[in-house]
Amino acid sequence: MELRLARRRGVPLYLQIKEQIVSEIKNQGFTPGQKMPTERELAKKLGTSRNTVSSAYRLLEDEGVLVSYQGKGTFIAGEDRAIVDSPATGKILAMIDEVLDYAMGNGLSTDDFSTMVADRIRVKEELLQKVKAVFVECNIEQARIFAKELGGVTHYTIEPVVLKDLREDQSLLTGAELIFTTFTHLDEVRRLASGLNIPIAGVAVKPCLEGIVRIARYSQGTRFGVVCRSREFYDKFRRNLDTAGLENLELSYTASEESGDVRQVLDEADVIITSPGRCSEVKEILGEAKEVIVFNTTLDIGSVRAVLSDNGDASINREV
């Protein structure tokens, strides 16, 4: 493994480590199941702190690129995990084997067992889809994106709700059996939903690291134009940049739907940054004339699963 840090490049060191590990995997420098150096070993080799390496490894684990096992180490994830088996997967397989043995011992064929399992999965998914939930976020674009992501993980029917609208009309929560929101808005959503007796779950959001890295590569003086649908999206985008140490960029932005306003920002900028909902519109106008970076924050699915496993509410764990 040949990783190098460029301390004058403007990109945080932990993001450089993450980016280079991903690049090595794409170029087959790493193979699925390969053991990574310990945080201490890699920090010593790169001449940086263990905390820096730990931050990079943690991000890669959150994205499913690396997997860590206590007492064994950290490994490249992938389809071939012969070196180490997930403890959860092993436990599930043991439970399946036990139930299958019981079924066959009571006269069921393997085909009968397979049909029974498929039927139970179908019924379970139908019940989950009947769970009505909302996702509360400060801007409509991310509310829609997060609701869709969460629906894919949970199979619930999830409606996006904008925080500003909820402040004016709490009836938007009517019929909801569960409320999701990001940790940023958790306290306010709890206050707005007080007295409704609806479980509220906070989930974490991952920054758009690929977008941050691409932005950081540009030299000082580069003019960036941001096209999105709300001031709230732009403010959150700026906070992500500030956290990554990119607070001094030359930025202009518009949330307008007027073609003239959009065109002005596009014409004056060297590089365009868009929210997911406006990417197609911007690319249709620009074609290949300028680079377009889609800044797409995503849910931390690990935090979603943790919330679901910790929540014993009947609305989530319905009987099949």
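Residues numbered from 1 in each chain as written. Predicted model: local features only at pLDDT ≥ 70, side-chain atom pairs only at ≥ 80, totals over all residues. Heavy atoms only, no water.

J.: Give a detailed account of the packing of aromatic side chains, specifying residues and quantitative values.
T.: Considering all chains together, one arrives at five aromatic pairs under this definition. Between tyrosine 234 and tyrosine 253, the aromatic rings sit 4.1 Å apart at their centres with planes inclined by 10°, giving stacked as the arrangement. In this pair, tyrosine 234 sits in helix α10 (residues 231-243) while tyrosine 253 sits in strand β9 (residues 250-254), placing the two residues 19 residues apart along the sequence. Within the aromatic cluster, the residues linked to one another by ring pairs are Tyr234, Phe237, Tyr253 and Phe295. (Phe/Tyr/Trp six-rings, centres within 6.5 Å; stacked < 30°, edge-to-face > 60°. Helix = DSSP H or I, 4+ residues; strand = E, 2+ residues; numbered from the N terminus.)

J.: For helix α2 (residues 39-46), give the residues involved together with the corresponding values.
T.: Owing to its 3.6 residues per turn, the α-helix brings residues three or four apart onto one side. Every buried residue of α2 is accounted for by Leu42, Ala43 and Leu46. Buried residues of α2 fall within an arc of 100° about the axis and therefore sit on the same side. Residues of α2 that are exposed and point more than 90 degrees away from the buried face comprise Arg40, Lys44 and Lys45. Where α2 is buried, its residues contact α1 (13-26) and α3 (50-62). At the C-terminal side of α2, glycine 47 shows a positive phi close to 70°. (Buried < 20%, exposed > 50% of the residue type's maximum accessible area, 1.4 Å probe, protein only. Arc of directions from axis to C-beta. Contact = heavy atoms within 4.5 Å.)

J.: A description of empty space enclosed by the protein should follow, citing residues and the corresponding values.
T.: Under the defined criterion, the tally for this structure stands at one cavity of 30 Å³ or more. Element by element, the count of residues in the lining of the largest cavity is highest for α10, at four residues. Broken down by class, the residue content of the lining of the largest cavity amounts to three nonpolar, three polar and one charged. (1 Å grid on protein atoms, 1.4 Å probe; cavity = no way out; pocket = protein on both sides within 12 Å on 5 of 7 lines; lining within 4 Å. Points joined across faces, edges and corners; volume = space filled by probe spheres on them. Nonpolar A, V, L, I, M, F, W, Y, C, P; charged D, E, K, R; others polar.)

J.: Quick one: what's the story with the pairing of strand β1 (residues 66-69), residue by residue and with numbers?
T.: Sheet topology note: the β1/strand β2 (residues 73-76) ladder contains four bridges and is antiparallel. Within β2, the position partnered with tyrosine 69 by the bridge is glycine 73. Here β1 hands over to β2 after three residues, with glycine 71 in that stretch at a positive phi of 85°. (Pairing = 2+ DSSP bridges.)

J.: Describe the sheet that holds strand β8 (residues 223-227), naming the residues involved and giving the relevant values.
T.: The parallel open sheet is built from four strands, whose spatial order is β9-β8-β10-β11. Of all strands in the sheet, those bounded by a partner on one side alone are β9 and β11 (292-294). The average angle at which neighbouring strand axes cross in this sheet is 25°, direction not considered. Two elements, strand β10 (residues 271-274) and β11, share three bridges in a ladder whose sense is parallel. Each residue of the ladder has a partner; that of isoleucine 273, found in β11, is isoleucine 293. (Axes fitted to C-alpha atoms, helices over the stretch in contact; angles between N-to-C directions.)

Such coordinate-based values are descriptive only and should not be taken to indicate function.
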